Amino acid sequence: MKQLNAKTLGIGALAGLTAALLVLGASMQPSFSAVLYAASALPILLVGLGWGNMAAISAIVTAATVGAIAISPSFALMMTLVTLLPAGWLSHLANLARPASELGGPDHLIAWYPLSDILLHLCGLVTIAVIVVGLMIGYGPDLIDRLVDVMFGSLAQQQPEFSPDPAVTAQTKSLVLLMLPAIQGGMWVVMLFAAYYIATRIVSASGRGLRPREDIPSALRMNRNSIFVFLVGLAATFFGGMPAMIGATVVGTFGAGFLLSGFAALHFRTRGRDWRLPALILCYLASLILMVPAFFILVVGLSDTRKAIALTPHKDVDAPKQTDTKI
């Protein structure tokens, strides 16, 4: 057992070192920083899904230690909050299971933690991380004022005839103040879930995964309680000040969750259609370019909230393969 634990911790430490190197590479390559930051979650997810919680903890501690030594403790804290902890927690939730009989299901099956609740936790973790990082860097009206002034000053140098109206400038600052945390939070939810999806595919293909591979189009929906959180965040944006910034963050993160579930619903509903592939490509491209198509897909996600619990047989029981139970 000690040898096994040492091996597990060693694998976790190696994954943590890989994650730290990816984050350090992101800090040195601004053009690919978002991709490298998101990719740093992959090693944590892989060891967590394949080797369990101890490996994930070892990876997180190793990556945080390397970040603190190489850059600074505050950098390590931000890295841990934004990437390491969410990845470790997602892998922990994905490996949770209990007898299906406790939920009213057959005795010979095991019920796994619902994907809808995993997505709910991801949205909540990213929300907390964005808020804490914002407090650490002093995010607020003063920072946005300087940012917008620099942006308009640079634009004025390129186009001498450009002369922004003070009212337009003030409106732009108010808009950027709320849009920036919403966009960053939403993008991070999407990228971390993409990392989780890739990790589950890799672990499943390797045969080390504990959790069965799920049918994402049918299983990926948001928890019903997420609607209330989203609406509270939306209402908070009208209060101004700190509540508005927190509300915008909630709208961005949970809105991204509903957007993901909306796309999953589109994939599920278009199965078997001859026009499925071009229609999906068109939806993705239109959502990247325009806000209106993305809004309609978000509404699709809002209109279809449920749980799909993956059920698999006990290892010592010869039973049918995985099924999904909707709650």
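None of the values given here were measured: they were computed from a predicted structure.

## Re the domain arrangement of the protein
Phase 1: Taken as a whole, the protein is organised into domain 1 (1-95) and domain 2 (99-313).
Phase 2: Placing a centre on the C-alpha atoms of domain 1 and another on those of domain 2 gives a separation of 22 Å.
Phase 3: The interface is formed by 23 residues belonging to domain 1 together with 24 residues belonging to domain 2.
Phase 4: Considering only the side of domain 1, the residues that lose the most area to domain 2 are Leu49, Leu90 and Leu93, jointly responsible for 24% of the buried surface there.
Phase 5: Linking domain 1 to domain 2 there are 0 salt bridges.
Phase 6: Scanning the region where domain 1 abuts domain 2 turns up 4 residue pairs in polar contact (both at pLDDT 80 or more).

## Quick word on the packing of helix α6 (residues 115-137) against helix α11 (residues 241-269)
Phase 1: In the contact formed by α6 and α11, the axes pass within 9 Å of each other and the chain directions differ by 150°. In terms of their interaxial angle, α6 and α11 are classed as roughly antiparallel. Both α6 and α11 take part in a crossing whose hand is right-handed. Residues Leu119, Leu120, Cys123, Gly124, Val126, Thr127, Val130, Ile131 and Leu135 of α6 form the contact with α11, whose own contacting residues are Met242, Ile246, Thr249, Val250, Thr253, Phe254, Gly257 and Leu260.

## A short note on the environment of Gly50
Phase 1: Relative to the elements of secondary structure, Gly50 occurs in helix α3 (residues 41-51).
Phase 2: Classification of Gly50 as buried rests on a relative accessible area of 9%.
Phase 3: Through-space distance from the C-alpha of Gly50 to that of Ser226 is 29 Å; in sequence the pair is 176 residues apart.
Phase 4: Those residues in contact with Gly50 that sit more than four places away from it in its chain are Val203 and Arg208.

Conventions and cut-offs
- Residues numbered from 1 in each chain as written.
- Predicted model: local features only at pLDDT ≥ 70, side-chain atom pairs only at ≥ 80, totals over all residues.
- Heavy atoms only, no water.
- Domains from an automatic or database assignment.
- Contact = heavy atoms within 4.5 Å.
- Buried area = accessible area lost by both parts, 1.4 Å probe.
- Salt bridge = Lys/Arg side-chain N within 4 Å of Asp/Glu carboxyl O.
- Polar contact = N/O pair within 3.5 Å; in protein donor to acceptor, adjacent residues only side chain to side chain.
- Axes fitted to C-alpha atoms, helices over the stretch in contact; angles between N-to-C directions.
- Helix = DSSP H or I, 4+ residues; strand = E, 2+ residues; numbered from the N terminus.
- Parallel < 35°, antiparallel > 145°, perpendicular 65-115°, else oblique.
- Left-handed = near helix turned anticlockwise from the far one by under 90°.
- Buried < 20%, exposed > 50% of the residue type's maximum accessible area, 1.4 Å probe, protein only.

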